[in-house]
Amino acid sequence: MSRLIDLAIESHLLNFKHNGLNAAEDDPFFVMDLGEVTRQHRRWRLHMPGVHPFYAVKCNSDPPLLRLLAEKGTGFDCASVEEMRSVLGLGVDPARIIFANPCKSASSLVFARQAGVNLTTFDNLDELETIKSYHPDCRLVLRIFAYDKDALLNLSQKFGAPEESVLSLLQRARELDLNVMGVSFHVGTGACNAMPYLLAIQQAKGVFEQAQKLGHRMSLLDLGGGFQDYNFEQIARSLRGALGDGFPSDTRIIAEPGRYYARSAYTLACKVMSRRRQIGSLAKLKPDMLYQNDGVYGSFMNVLIEKETIQPFLVPGSRHGSKRQSGPHCYSIWGPTCDSVDCVVNQTIIESEVKVGDWLKYKNMGATQFNGFSKPRVVAYVDSESQDYQKEASCLGIPLPVEKGCVESITAWVAQESLKA
Ligand SMILES: *Cc1c(COP(=O)(O)O)cnc(C)c1O
């Protein structure tokens, strides 16, 4: 699979050589493997049968990713009007969207109502009043407080109704004649084990009972996100055991995986702009320093937020060919800003010497939140799951044969879309 990604990166860099120096040559870029999403979806269906995934768009809203998921039949967790627009723009039925933001603006509720998005979360009394005013027929899902002290990122500190408030919320919803029909939680991003899910499911059972006593007809359980690659099967197994009983038999179970689908599909390439070799006595104390064109204020935000460890690889076919020292070299890697916090990795081993003008690739970069910074462009979409062996890398821009996979119809679609824009 990674051979296909390497080919796409190399072909992009080769294009530069043909076209001469231009500004784009100094920009970081992504290559995306649609096949990775296909495999993750297959894995989900195998291990979480009966749990319908609603992809959390905030994780990565790249249109071809959304389109592929739409084709595969997932639902979508949208947190804003922009996210609903992106998904609806693909022709997705609004019934496949949950507006999963428990603290919404009035105008976003008006948008949802007009667009036919008829399912949203809430976690406080005031929100019920807003919903009553702007989208009174919306079906409601009570987001309860779930806490995972070990998660990489804990969102429940911001959202989720504490247990003590549940009864008042359900009663007030009755008084306002609002339709509460489900319970949701989100244990936070990057759950280490099944424990927080199991606790939250237990709590949700209690909320179902309370709600039904008050006359709400409960039929939806939403497990939120937080699923990771390395322990997915283990968590799925525990969840299958816990979801069996305690809920009405017609309960629909959904989840909101984000990074699970997006993370592994994107590989980032960054260019080394400068290098400081340590000289004299410092050479024994500190690794040489590489300065690249993307850092913690861009694609490497997770280094700051989640203390993620980052492993770069030298892009094969980078410049200088054989004129580099072979064997492992130790480096620290820095982003392009003048802020000293902008350190991508303090100390890492790369398989050979790295020189200015070289490119480094970083895998698993698809789940980065950009918080307003512009995202590097995706320069190629490949599909390692495609069975089409005939096509050539010429569709990547160069006449290299590809062992497996090719740029798919999705790329044609992207091209069409950019023509329209
Ligand atoms: C961010 C978020 C998700 C997705 O989280 P991942 O860790 O990326 O799976 C799901 N649900 C809600 C409510 C979120 O805020």
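Residues numbered from 1 in each chain as written. Predicted model: local features only at pLDDT ≥ 70, side-chain atom pairs only at ≥ 80, totals over all residues. Heavy atoms only, no water.

Engineer: Sorry, what's going on with the nonpolar core here?
Structural biologist: The tendency in soluble globular proteins is for nonpolar side chains to be buried side by side. Ranked by size, the top nonpolar core spans 94 residues in total, and within it Tyr-55, Phe-76, Phe-185, Leu-223, Phe-227, Phe-300 and Tyr-362 carry the most contacts. Sort the elements by how many residues they give to this core and helix α8 (residues 195–213) lands first, with seven residues. Taken domain by domain, the makeup of this core includes at least three residues from each of domain 1 (2–32 + 264–418) and domain 2 (61–257). In contact with Leu-223, other than residues within four places in its own chain, are Val-51, Phe-185, Tyr-197, Ile-201, Leu-239, Leu-243, Ile-253, Ile-254 and Ala-255. The next biggest cluster of nonpolar side chains, apart from the first, holds 13 residues, and it includes Ile-5, Ala-8, Ile-9 and Ala-269. (Core = buried A, V, L, I, M, F, W, Y, C linked by side-chain atoms within 4.5 Å. Buried < 20%, exposed > 50% of the residue type's maximum accessible area, 1.4 Å probe, protein only. Helix = DSSP H or I, 4+ residues; strand = E, 2+ residues; numbered from the N terminus. Domains from an automatic or database assignment. Contact = heavy atoms within 4.5 Å.)

Engineer: Whenever I open this one, the site of the ligand confuses me. Can you help?
Structural biologist: Taken together, 13 residues sit near the ligand, with Lys-58, Thr-189, Gly-226, Glu-256 and Arg-259 positioned nearest. Contact between the ligand and Gly-226: an oxygen atom at 2.9 Å from a main-chain N or O atom of the residue. One of the backbone N or O atoms of Arg-259 is found 2.9 Å from an oxygen atom in the ligand. Burial of the ligand by the surrounding chains reaches 93%, relative to a free accessible area of 390 Å². When the residues that make up the shell around the ligand are grouped by side-chain class, the tally is three nonpolar, five polar and five charged. (Near = heavy atom within 4 Å. Polar contact = N/O pair within 3.5 Å; in protein donor to acceptor, adjacent residues only side chain to side chain. Areas by Shrake-Rupley, 256 points an atom, 1.4 Å probe, with all protein chains shown as cover. Nonpolar A, V, L, I, M, F, W, Y, C, P; charged D, E, K, R; others polar.)

Engineer: In this structure, what is going on with the pattern of salt bridges? I would like to understand it.
Structural biologist: Opposite charge on two side chains makes pairing possible when the charged atoms of those side chains draw close. For the coordinates displayed, the defined rule picks out 16 salt bridges. Measuring nitrogen to oxygen at the nearest pair gives 3.0 Å for the salt bridge that ties Asp-229 to Arg-43. Here Asp-229, found in the loop between β8 (220–222) and α9 (232–243), pairs with Arg-43, found in helix α2 (residues 34–47); they are 186 residues apart in sequence, far enough to count as distant. The partner of Arg-324 in a salt bridge is Asp-358, with the nearest N and O atoms 2.7 Å apart. Of this pair, Arg-324 sits in the loop between β12 (312–314) and β13 (326–334) while Asp-358 is found in the loop between β14 (343–352) and β15 (359–362), placing the two residues 34 residues apart along the sequence. If you follow the salt bridges from partner to partner, you end up with Asp-33, Glu-36, Arg-39, Arg-42 and Glu-385 in one network. (Salt bridge = Lys/Arg side-chain N within 4 Å of Asp/Glu carboxyl O.)

Engineer: Would you explain the pairing of strand β5 (residues 119–122) in this entry?
Structural biologist: Burial along β5 is two-sided: the residues Leu-119 and Thr-121 and Thr-120 and Phe-122 are all buried. In terms of strand pairing, β5 meets strand β6 (residues 139–143) through four bridges, oriented parallel. Paired with Phe-122 across the two strands is Leu-142, which belongs to β6. Assessed by its sense of winding, the connection that carries the chain from β5 through helix α6 (residues 125–134) to β6 is right-handed. (Pairing = 2+ DSSP bridges. Right-handed = clockwise from strand over helix to strand, strands pointing away.)

Engineer: Is there a simple way to think about the UniProt feature "active site" (unreviewed entry) in the protein chain in this case?
Structural biologist: According to UniProt, the "active site" (unreviewed entry) feature falls on Cys-338. Turning to its location among the elements, Cys-338 is positioned in the loop between β13 and β14. (UniProt positions renumbered as here; feature names shortened; annotations may be inferred.)

Engineer: Got a minute to help me understand the packing of α6 against helix α7 (residues 166–175) in this structure?
Structural biologist: Any two packed helices are characterised by how steeply their axes cross, that is the angle between the axes, and by the distance between the axes. Closest axis-to-axis distance for the α6/α7 pair is 10 Å, and the angle between their directions is 20°. It follows from the interaxial angle that α6 and α7 lie roughly parallel. Like other packed secondary-structure pairs, α6 and α7 cross with a definite hand, here right-handed. Two secondary-structure elements touch here, α6 through Leu-125, Leu-128 and Glu-129 and α7 through Ser-168, Leu-169, Arg-172 and Ala-173. Of the residues in the contact of α6 with α7, the class split is four nonpolar, one polar and two charged. (Axes fitted to C-alpha atoms, helices over the stretch in contact; angles between N-to-C directions. Parallel < 35°, antiparallel > 145°, perpendicular 65-115°, else oblique. Left-handed = near helix turned anticlockwise from the far one by under 90°.)

Engineer: Would you explain the packing of aromatic side chains in this entry?
Structural biologist: Both the distance between ring centres and the angle between the ring planes are used here to describe each pair of aromatic rings. Per the counting criterion, the structure on display carries 13 aromatic pairs. Ring geometry for Tyr-197 against Phe-227: centres 5.1 Å apart, planes inclined by 20°, an arrangement best described as stacked. Of the two residues, Tyr-197 sits in helix α8 while Phe-227 sits in the loop between β8 and α9, which places them 30 residues apart along the sequence. Look at Tyr-197 and you get buried, because its relative accessible area is 0%. Residue class for Phe-227 comes out buried when judged on its relative accessible area of 2%. Relative to Phe-232, the ring of Phe-227 lies with its centre 6.2 Å away and its plane at 80°, an arrangement referred to as edge-to-face. With relative accessibility at 1%, the residue Phe-232 sits in the buried group. An aromatic cluster is defined as three or more aromatic residues linked by ring pairs; in this entry it consists of Trp-44, Tyr-55, Tyr-197, Phe-227, Phe-232, Tyr-260 and Tyr-261. (Phe/Tyr/Trp six-rings, centres within 6.5 Å; stacked < 30°, edge-to-face > 60°.)

Engineer: Even after reading the chapter, I still don't get α9, so can you show me in this structure?
Structural biologist: One turn of the α-helix equals 3.6 residues, which is why residues spaced by three or four share an orientation. With twelve residues, α9 should cover 16 Å at 1.5 Å per step; its first-to-last C-alpha distance of 16 Å lies within 8% of that length. Listing the buried residues of α9 in full gives Phe-232, Ile-235, Ala-236, Leu-239, Ala-242 and Leu-243. One side of α9 carries all its buried residues, which in axial view fall inside an arc of 125°. For α9, the exposed residues set more than 90 degrees away from the buried face come down to Arg-237 and Gly-241. Where the residues of α9 are buried, they touch α2, β2 (51–56), α8, β8, β9 (252–255) and α10 (259–262). (Expected span 1.5 Å × (residues − 1). Arc of directions from axis to C-beta.)

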